Amino acid sequence: MKIHHIIVSILVCTVGLTGCKHEILYPAQEPPVSDPTGGGGNGGGGGGGTSGIPCDPDTIYFQNSILPMLVSNCAMSGCHDVATASDGVILTSYAYVMATADVRPFDLQGSDLYEVITESDPDKKMPPPPRPSLTSAQIDIIATWINQGAKDLTCGISCDTTNITFSSTINPIIQNKCVGCHSGSNPPQGINLSAYSGVQAVALNGKLHGAVSHSAGFVAMPPTGPKLPDCEILQIKKWVDAGAPNN
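Residues numbered from 1 in each chain as written. Predicted model: local features only at pLDDT ≥ 70, side-chain atom pairs only at ≥ 80, totals over all residues. Heavy atoms only, no water.

Novice: Looking at this model, I keep getting lost on unusual backbone geometry. Mind explaining?
Specialist: A negative phi angle is the norm for most residues apart from glycine, just as the trans form is the norm for most peptide bonds. At the junction of Met126 and Pro127, the peptide bond is cis and its omega measures out at -10 degrees in the coordinates. In this fold, Pro127 is placed in the loop between helix H3 (112-117) and helix H4 (136-147). Residue Pro222 is bonded to the preceding Met221 through a cis peptide linkage, with omega at -10 degrees. Within the fold, Pro222 resides in the loop between helix H7 (207-212) and helix H8 (230-241). A positive phi angle, close to 60 degrees, is found at His214, a residue other than glycine. Here His214 lies in the loop between H7 and H8. (Helix = DSSP H or I, 4+ residues; strand = E, 2+ residues; numbered from the N terminus.)

Novice: So what exactly am I meant to see when it comes to the state of the cysteines here?
Specialist: In a disulfide, the sulfur atoms of two cysteines are held together by a covalent bond. Evaluated as defined, the whole model comprises two disulfides. The disulfide partner of Cys55 is Cys155, and the S-S distance across this bridge is 1.9 Å. Given an S-S torsion of about 85 degrees, the disulfide between Cys55 and Cys155 has right-handed geometry. Of this pair, Cys55 sits in the loop between strand S2 (20-23) and helix H1 (62-73) while Cys155 sits in the loop between H4 and helix H5 (166-177); the two residues are 100 residues apart in sequence, bridging distant segments of the chain. Residue Cys159 pairs covalently with Cys231 via a disulfide, S to S 2.1 Å. (Disulfide = S-S within 2.5 Å.)

Novice: What should I look at first to understand the packing of H1 against H4 in this one?
Specialist: When two helices pack together, their arrangement is captured by the angle between the axes and the distance separating the axes. Here H1 crosses H4 at 130 degrees, and the two axes come no closer than 11 Å. Comparing their axes, H4 and H1 come out oblique. Considering only the axes of H1 and H4, their crossing is left-handed. Counted together, Phe62, Ser65, Ile66, Met69 and Asn73 of H1 and Gln138, Ile141, Ile142 and Trp145 of H4 form the full contact between these two elements. Classifying every residue of the contact of H1 with H4 by side-chain character gives six nonpolar, three polar and no charged. (Axes fitted to C-alpha atoms, helices over the stretch in contact; angles between N-to-C directions. Parallel < 35°, antiparallel > 145°, perpendicular 65-115°, else oblique. Left-handed = near helix turned anticlockwise from the far one by under 90°. Contact = heavy atoms within 4.5 Å. Nonpolar A, V, L, I, M, F, W, Y, C, P; charged D, E, K, R; others polar.)

If you want it as structure tokens, here you go:
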């Protein structure tokens, strides 16, 4: 299975909020494919924040749930971004995921993506140790998405900018879109966002909002995949402006 070759990499983390890298011992066997969307690998899900389609709680939406998870945990430099395309696998857009990751709609056990995230063998598991594994809840979301046909769906979420708390607003954004890289025993430049204290530190020094808003002088975050929706960027700004409370 082609994406197992990348597990022989050695984990190295870059500086700042720039993502995690692997030192590839075996180069990719396939060149990166052209993105059928013409979007340079960053297709969908950013900027606007809503699609106008109400969210169904029983449906998994790729742009809302799956893509941010893949970008945070897999699509960093040295792994599965467009530039690296380790073993030909790119996980920065729906078109790339379906073209390179061997996702088979309605066929969970036949999908390589599901197989590698549930592997017990550390030499085959993704993300590779010592990076944190996906949680059981994240794995269940991917499994449900595949079983529902692995569709490229998005839905609208109303933007609440008046009742912003760390627990219900900010932390879910961080957990879904940042912690995949910024966690574990050796996160980039020591920036660990898996707990409130780490998020508070980068909030108060300006790095959090500067990075997610792609402001001048900051490294754009996420480093691959789409920019956060405008609503989430605004929510982060309002929370930071309020003193980044642990509420």
